[in-house]
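Reading the structure
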Amino acid sequence: MPIASPLPGGRFAPRALGARPPPPALLPPGRRSIRREARRACVGAIALGKHDYDVVVIGCGVGGHGAALHAVEQGLKTAVVEGHDIGGTCVNRGCVPSKALLAAAGRVRELKNEMHLKSLGISVEGVAYDRQAIADHASNLAGTIQGNLQRSLEGLGVDILRGSARFMGGNRMRYALPGRVDVGGEITARDFIIATGSVPFVPPGIPIDGKTVFTSDHALKLEWLPDWVAIIGSGYIGLEFADVYTALGSEVTFVEAMDKIMPGFDGEIAKVAKRLLIDPRSIDSHTGVLATKVTPGVPGVKPVEIELTDFHTKEKVDTLEVDACLVATGRAPYTQGLNLGAVNVETDRRGFIPVSPKMEVLDREGSVVPHVYCIGDANGKFMLAHAASAQGISAVENICGRPHQLNHLSVPAACFTHPEISFVGMTQEAAEEKAKAEGFKVGLAKTSFKANSKALAEKEADGMAKIIYRMDTLEILGVHIIGLHAADLIHEASNALAMGNTVDQLKFNVHTHPTLSEVLDELFKQCKTDVKANAKQPVLVS
Ligand SMILES: Cc1cc2nc3c(=O)[nH]c(=O)nc-3n(C[C@H](O)[C@H](O)[C@H](O)COP(=O)(O)OP(=O)(O)OC[C@H]3O[C@@H](n4cnc5c(N)ncnc54)[C@H](O)[C@@H]3O)c2cc1C
Ligand SMILES: NC(=O)c1ccc[n+]([C@@H]2O[C@H](COP(=O)([O-])OP(=O)(O)OC[C@H]3O[C@@H](n4cnc5c(N)ncnc54)[C@H](O)[C@@H]3O)[C@@H](O)[C@H]2O)c1
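If you're wondering where the values come from, they're calculated on a predicted model, not measured in any experiment.

About the cut-offs
Residues numbered from 1 in each chain as written. Chains lettered and ligands numbered in written order. Predicted model: local features only at pLDDT ≥ 70, side-chain atom pairs only at ≥ 80, totals over all residues. Heavy atoms only, no water. Patch = residues over 30% accessible without salt bridge, like charges linked within 9 Å, V, L, I, M, F, W, Y side chains within 5 Å. Areas by Shrake-Rupley, 256 points an atom, 1.4 Å probe, with all protein chains shown as cover. Salt bridge = Lys/Arg side-chain N within 4 Å of Asp/Glu carboxyl O. Lys, Arg positive; Asp, Glu negative; His and termini not counted. Charge placed at Lys NZ, Arg CZ, Asp CG, Glu CD. Helix = DSSP H or I, 4+ residues; strand = E, 2+ residues; numbered from the N terminus. UniProt positions renumbered as here; feature names shortened; annotations may be inferred. Contact = heavy atoms within 4.5 Å. Near = heavy atom within 4 Å. Nonpolar A, V, L, I, M, F, W, Y, C, P; charged D, E, K, R; others polar. Polar contact = N/O pair within 3.5 Å; in protein donor to acceptor, adjacent residues only side chain to side chain. Axes fitted to C-alpha atoms, helices over the stretch in contact; angles between N-to-C directions. Left-handed = near helix turned anticlockwise from the far one by under 90°.

A surface patch of like charges, here negative, comprises Asp227, Glu251, Asp284 and Asp323. Residue position: Glu251 is located in strand β10 (residues 251-256).

Turning our eyes to something else, we now look at the UniProt feature "active site" (unreviewed entry) in the protein chain. Those residues carrying the UniProt feature "active site" (unreviewed entry) are His513 in this numbering. One can find His513 in the loop between α14 (503-506) and α15 (518-526). The residues touching His513, leaving out its near neighbours within four places in the chain, are Ser453 and Glu518.

Residues in close proximity to ligand 2 total 25 residues, the closest being Glu240, Glu256, Gly330, Met383 and Ala414. Its free accessible area being 850 Å², ligand 2 has 79% of it covered by the protein chains. Counting only elements with at least two residues in the shell around ligand 2, the list comes to α8 (236-247), β10 and β12 (289-295). By residue class, the composition of the shell around ligand 2 is 16 nonpolar, 5 polar and 4 charged.

Now for the site of ligand 1. Contacts to ligand 1 come from 39 residues, most closely from Glu82, Thr89, Lys99, Ala165 and Asp377. Take Gly63: an N or O atom from its main chain is 2.9 Å from an oxygen atom of ligand 1. Residue Ala165 places a main-chain N or O atom 2.8 Å away from a nitrogen atom belonging to ligand 1. In the complex, the protein chains occlude 93% of the 1000 Å² of accessible area that ligand 1 would expose alone. Mapped onto the shell around ligand 1, the elements with two or more residues apiece are α2 (62-73), β2 (78-82), α3 (88-93), α4 (95-112), β4 (164-169) and α10 (385-399). Take the shell around ligand 1: its biggest share by element is 4 residues, from α3. Classifying every residue of the shell around ligand 1 gives 16 nonpolar, 17 polar and 6 charged.

Take the packing of α2 against α10 next. Packing of α2 against α10 brings their axes to within 7 Å, and their N-to-C directions diverge by 35°. At the point where α2 passes α10, the crossing takes the right-handed sense. Residue-level contacts link Val62, Gly63, Gly66, Ala67, His70 and Ala71 of α2 to Ala385, Ala388, Ser389, Gly392, Ile393, Val396 and Glu397 of α10. For the contact of α2 with α10, a count of residues per class yields 7 nonpolar, 5 polar and 1 charged.

Written out as structure tokens, the structure reads:
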């Protein structure tokens, strides 16, 4: 039976886990020679010999896990050093528990939507939920996936070293667990991959008490459901928690520094999201304001006070009084205690570790620091789990002497609200700027879920998809979807982008009827692919 993976695509799903696989000597001859050949190919490129390990990965979040699995598959002697929880943020305090909460809250929302159920001929009475049981579902799932990750590493022969790692100069590294004299030691490695991730960023003036003022780390435990919760920041975390809280009966107020809600998203998609995810729910928002001072409260006794300051004039404009405050204002890289100076590495102004497109760490002059790579949230290139893992694989390819660069524009992203939002590549705004600078015309096509038979059968036909492409080369610049299962639908577009497919190549592909995938089929078919005719079109076709 496949084992649940924290990553889409189940990076370790097909392997038999739970039991340690036989050592190479006991493997069937075919498997043995594949492992040996992989090792010869890769190790030949890096001239191994005098080190304890070929590769040491510092941090075992999904980035470090992905890197370690790929390294050991290449025949490299590999260790991960983990100072806290195997699985890092994604498994323990991120993707996994948040999706468990969203799954349960989404069901509650659906079952409480009498109108929707009635339109399908169904009536349900007395829908109730157990807050603690929902919280337990999230923490149990995190525990299960953490165990799976650990077994997958052990099963393939990756050494798991417990402790916080610290560079000692040269190829040496020390690791230790505070308060444990029996754990730790010093090791050497030919190559190091830094995968130490990130922690919540909390703006100055906001004290976190973990009860009434908290970050996603606390919110995921769902210890209580405030009647009224202010969420500072309307990015991914803000949107997903607003979805959970409103489904479970809380009222939400967004406090967003930028002039519009969801500033990081494509403008048109953000407008549709506002119509579908914000306006019909118990959500209001204050935009163009910073939360400059927050005073924690006492549940049921004293409210949390949030001082709002105009983003532009810097004048104090209002004070909110709410039951609780979730701070969702981004994440900060975590590189504390690594002693980066010992390997001539310095973080940038925001604390990220600068890297080349091959994930090689760069020094302050911009030169490559030999044998040190950095992947995932710690380099800040794309703070998503699957990006971290893909960067890890890319780093290992480079270690093996097979030059590789991940095309970050082809990395998809999704926000798991109900309905979901997903995208790959550029927003329309960014594409238009690029077109202006480079002198090409932008093509645009859109489709609605309302024209899709499957979405209509589900009575969930709210949503749209749009594609942005170059009219001269028919190259895809971006695809954005909001609607039922948008997070799954995006992969046809992201894979096309990764493979360098142009829109004229996609429009002849066949899709099963009736499926939601026809939303994208329709989108590709609507693209204007006559390049000669396109040259005569106005600058933007919509
Ligand atoms: C609430 C929430 C929901 C999210 N949902 C999604 C989602 O749905 N999809 C998605 O793609 N992304 C999601 N993310 C983002 C995702 O979790 C991160 O992008 C991802 O975890 C980054 O992986 P990483 O391996 O770079 O770092 P991390 O997962 O942060 O792992 C780093 C690891 O390094 C260890 N470490 C740090 N320093 C040391 C040291 N000196 N020595 C040894 N070990 C060390 C840490 O203990 C940690 O285990 C979410 C994030 C949050 C907060
Ligand atoms: N589904 C997913 O893939 C998923 C889910 C959750 C988190 N994540 C990852 O976690 C990271 C963190 O998520 P996030 O939502 O915290 O960050 P974010 O960068 O997505 O959004 C932060 C928002 O906070 C606003 N902001 C910042 N400071 C403010 C202040 N003082 N007052 C008011 N508004 C302020 C910003 O303008 C922005 O809109 C993201 O980079 C994302 O990649 C991903």
